[in-house]
Each structure stands twice: as structure tokens, then as C-alpha cells.
Amino acid sequence: MTSEPIPFLDLLTPHRELEAELLQVVQQAFRRAAFIGGPMLEAFERDFAAFCSARYCVGVSSGTDALRFALLAAGIGNGDSVVTVPNTFIATTEAITQAGALPEFVDIGEQTYTMDVDKLREYLDNMCWLDSTTGSVISHRTGKRVAAIIPVHLYGQMADMDPILALAEKYNLAVIEDACQAHGAEYFSKRQNRWCTAGSMGRAAAFSFYPGKNLGACGEAGAVTTNDEEMARRMRMLRDHGQAKKYYHEIEGYNGRLDAIQAGILRIKLERLAEWNEKRRTCAQRYQEMLGSAEGIVLPYEGSSAKAVYHLYVVRVQNRDDLQRHLAAAGIGTGIHYPIPLHLQSAYRTLAYERGDFPITERTAAEILSLPMFPGLTPSQQGRVAEQVLEFVSLAPARAA
Ligand SMILES: Cc1ncc(COP(=O)(O)O)c(C=O)c1O
């Protein structure tokens, strides 16, 4: 058995395999001197919208911009609160703050690590009041109008969208999906009696194409999908200095466009995305077979209404840091997503949350570990990862979860 290191993520192989095709995209852009907008961008937007079963796609410069533009286009800003989860990457809340609103949190579910719908209901029913003059719900905590919910489809699994959308309808809130880790993930909607793709259910959805994502650019990139024509129009203006026509600025916007070269690169990779996602699902199944019967380790949970695309394969153990060190000593790369919940980050001291406010998030943050996961991960590499994990948990049954 080889003792080559096993990376947490292999970005080298797919780029080596696709190099000739990707270089052609760059060459084409050079030959046409077409770097901003144009046919490469439009073709990618068309294809990605179709992939997500959404009517529109607006390419932007990052997932963070995608979230910010979606919020702004939905009319969210000063004086508003936006509800999300504390177990996410900080970009989710940065976008809320940068849109002028205040983030508020509800805890996650113990099994899925996505928004706990009962906690969301409890928050809206008991921690807000209805302003009958405006019809808005007002947060007791912030005194602000609750304007939107951002469910985060974390680790590649969609949040429980049916009840989230039902609550949003009841309280007249916009739902912006944070689909930055969930390109191609699906959810069985009982309300619609069909499988729905991430990016097709909310008022809009944000995607990141940061290089390590399931669909990654060769640099920074993002996109928003929506079925709402007016939202799409506003987001196109927001990404381009507020102009629909050159030098006619309807609003003040941003420089948040998606480069033509990145769009061209993403279009080539998009052709492989379904296959790559399927390979990730196969790897997840293999981990399940190898580790499923072990005591002291909790594997990812995929409910019957979810088809996850395993952006990350996150397990839970006690003494997580020891396991991470144990795997590092065996040459196995891992990650922690995320070690400090957002409500306990220094950046959000002013939100005045305290330790204990979101117990599930806090407990899982101390126990989660992301194992190697990428489409080209081989059965023998997984065998070595599993062997080391099993060795660790069997040596320390008393300290395992
Ligand atoms: C859940 C989540 N939201 C938002 C983002 C932000 O995307 P980007 O890094 O492209 O701005 C990311 C990317 O890391 C993410 O994982």
C-alpha cells in the first residue's frame, strides 16, 4: 500500500485533465479581446440557469457579491433584520451587513447541520411581533423588521425548504438560498411533489465558484439564480455600476461582474459537474460502508428528501483535534468547517450573542472534521483514511462521541 499523502482536496488533477480545453477559452478571449460580458458570459449564464432549473442566472464576481446583490435586489437594507444560521462561512453574514441589514441567528439541526425549522418557527412566532399597521414582523431583539431568511445549504445538502418557504409566506419574508456549497444538490418538495434543484426554490440563490467548490473557477467567481425577471434585471444593474445601458445609471451599483474568461472556464467544467457530483456521492457511500459500523464516530446524515452533493464530508468525534493530528501524522489532509460559530466571532461582538445561545452549533463546532472529499478520491485512498479513523476511535473508545 502506498504512503503518498492524501490531500483534503485535489485541484491539480482536474486542471491537468482539462488543461487543453481551458487554455482554448483563454486563447479565444485573447483573440477577440473580449474580457468583460459578451457571448462566453451569456452562454454560461444560460447553461447554469438550465442546470439549476431556474429561469435566470446572473454571473457576478464572487459568492459574497451574489448574496449581497440578491439581498439588495429583494429590497433588503437599512432597518432590516435577516435570519440565518451561525454555522456557516462568514460571507453569509458579511453580505447581510453590507446590504445594510442586521444578521440574526437560529440554531441548526443536530443531524443535518442546516437550519432547524422548529427553531425558525419558534423565533418568528415567539421572538417577534406583528406590526399590524405595516404587516411586517418585528424582531424583539433588534427592533427591526425581519425581511428575509437565508437558509444555507451547507456541506452540499439543501436545507429543509418546504417549511422554510411556508413560514416565509406566512410572515411575508424573502428567502435567499445560500447555495454556495450546493451546486446540483436536490431536495424532494412535498408541496410540489417533485425533486427541486438548489437555486430554484427561493426568491434568489447565491452560488460561489471559488476554486475548491464543486464547480470552481480558476480565480474568484459567483452567480445568482432566480425565477424573478425583475430581480434578475436589478442584479444585472447592481453588478455593473447600476447601469442597464452604458453610462446611464439608474441606481448606484458595484463593480461585481463575472469575467468572460472565468465564465468560459466554468462552462467547460459545468459539462462535467453532474458526473463529478455523482462521484462525490459514490465516495460518500464508500465512506459509509467503511465507517458506518464504527462506534464513536457520527457520519453525515442524508434524509430521504435530500440528494446531497458532498461539497464536504463532515464527521463528528470527540477529541476532534486529536483525530485531526492523528490523520495529519499519517499524511491525510482534513479541514474544520467551521471551528468558531459566527455568533462567537469577535467581528460580531456588537450583536451581543453569548456562549450557550446556539447549543447545537456550539457543540458540533467542537466535534466536526471534514475528511478528504473530491471526485477523484480513490477507494484505496478512502481505505487508508478509514483505517486511520478506525484506529483512532478504537484506541480511544471512551473519548469518542
Ligand atoms: C456557505 C458560503 N457562503 C458564501 C460563500 C462566499 O463565496 P465567495 O468566497 O465566492 O465569496 C462561501 C464560500 O466560501 C460559502 O461557503
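Residues numbered from 1 in each chain as written. Predicted model: local features only at pLDDT ≥ 70, side-chain atom pairs only at ≥ 80, totals over all residues. Heavy atoms only, no water.

Under the defined criterion, the tally for this structure stands at 22 salt bridges. In this structure, Asp125 and Lys170 form a salt bridge, with 3.7 Å as the shortest nitrogen-oxygen distance. Of this pair, Asp125 sits in helix α5 (residues 117–126) while Lys170 sits in helix α6 (residues 161–171), and the two are 45 residues apart along the sequence. The partly exposed category is assigned to Asp125, whose relative accessible area is 35%. Put simply, Arg281 and Glu302 hold a salt bridge, and the shortest N to O gap is 2.9 Å. With Arg281 in helix α8 (residues 260–291) and Glu302 in the loop between α8 and β14 (306–307), this pair connects stretches of sequence that are 21 residues apart. The class for Arg281 is partly exposed, based on a relative accessible area of 24%. Linked through salt bridges whose partners overlap, the residues forming this network are Glu110, Arg316, Arg363 and Glu367. (Salt bridge = Lys/Arg side-chain N within 4 Å of Asp/Glu carboxyl O. Helix = DSSP H or I, 4+ residues; strand = E, 2+ residues; numbered from the N terminus. Buried < 20%, exposed > 50% of the residue type's maximum accessible area, 1.4 Å probe, protein only.)

Of the residues making up α6, those classed as buried are Met161, Asp162, Ile164, Leu165, Leu167, Ala168 and Tyr171. Just downstream of α6, Asn172 is the residue with a positive phi angle, here 60°.

It is worth spelling out the site of the ligand at this point. Around the ligand, a shell composed of 15 residues is seen, among which Gly63, Thr64, Asp178, Ser208 and Lys213 lie nearest. Among the elements that line the shell around the ligand, the one with the most residues is helix α3 (residues 63–73), at three residues. When grouped by side-chain class, the residues that make up the shell around the ligand number six nonpolar, seven polar and two charged. (Near = heavy atom within 4 Å. Nonpolar A, V, L, I, M, F, W, Y, C, P; charged D, E, K, R; others polar.)

The next thing to look at is the nonpolar core. Core analysis: the largest hydrophobic core is formed by 59 residues, its most contacted members being Phe44, Phe48, Leu120 and Phe209. When contributions to this core are tallied by element, the ones reaching two or more residues are α2 (39–51), α5, β6 (145–149), α6, β10 (204–208) and α8. With six residues, α6 is the largest single contributor of residues to this core. Once residues within four sequence positions are removed from consideration, Leu120 is found in contact with Val83, Val106, Met115, Ile149, Ile164 and Leu167. Phe69, Ala95, Met231 and Met235 belong to the second largest nonpolar core, which has 29 residues in total. (Core = buried A, V, L, I, M, F, W, Y, C linked by side-chain atoms within 4.5 Å. Contact = heavy atoms within 4.5 Å.)

This brings us to the side chain of Ser370. Tracing the backbone through its elements, the reader meets Ser370 in strand β16 (residues 368–371). In this structure Ser370 comes out as buried when scored by relative accessible area, which is 0%. A distance of 2.7 Å separates polar atoms of two side chains, one belonging to Ser370 and the other to His337. Each residue touching Ser370, except ones within four places of it in the same chain, is listed here: Phe8, Leu312, Tyr313, Val314, Thr334, Gly335 and His337. (Polar contact = N/O pair within 3.5 Å; in protein donor to acceptor, adjacent residues only side chain to side chain.)

A surface patch of nonpolar side chains, amounting to about 330 Å² of accessible area, comprises Phe30, Phe35 and Ile36. Along the chain, Phe30 falls in helix α1 (residues 12–32). With relative accessibility at 57%, the residue Phe30 sits in the exposed group. (Patch = residues over 30% accessible without salt bridge, like charges linked within 9 Å, V, L, I, M, F, W, Y side chains within 5 Å. Areas by Shrake-Rupley, 256 points an atom, 1.4 Å probe, with all protein chains shown as cover.)

What follows concerns the packing of aromatic side chains. For the structure on display, the rule yields 15 aromatic pairs. Geometrically, the ring pair formed by Phe48 and Phe207 is edge-to-face, given 4.9 Å between the ring centres and 90° between the ring planes. Of the two residues, Phe48 sits in helix α2 while Phe207 sits in strand β10, which places them 159 residues apart along the sequence. Per residue, the accessibility class of Phe48 equals that of Phe207, and both read buried. In textbook terms, an aromatic cluster arises when at least three aromatic residues are bridged by ring pairs, as seen for Phe44, Phe48, Phe51, Phe207 and Phe209. The ring of Tyr353 carries Arg141 above its face, with NZ or CZ at 3.7 Å from the centroid. (Phe/Tyr/Trp six-rings, centres within 6.5 Å; stacked < 30°, edge-to-face > 60°. Lys NZ or Arg CZ within 6 Å of the ring centre and 35° of its normal.)

A pair of packed helices can be characterised by two numbers: the angle between their axes and the separation between those axes. Contact geometry of α5 with α6 gives a least axis separation of 10 Å together with a crossing angle of 10°. Here α5 lies roughly parallel to α6, going by the angle between them. Residues Val117, Leu120, Arg121, Leu124 and Asp125 of α5 form the contact with α6, whose participating residues are Pro163, Ile164, Leu167, Lys170 and Tyr171. Residues belonging to the contact of α5 with α6 are distributed by class as follows: seven nonpolar, no polar and three charged. (Axes fitted to C-alpha atoms, helices over the stretch in contact; angles between N-to-C directions. Parallel < 35°, antiparallel > 145°, perpendicular 65-115°, else oblique.)

This part takes up unusual backbone geometry. Of note, the bond from His337 into Tyr338 is cis; its omega dihedral lies within 30 degrees of zero at 15°. Along the polypeptide, Tyr338 turns up in the loop between α9 (320–329) and α10 (359–365).

Functional significance is not addressed by these values, which are geometric in nature.
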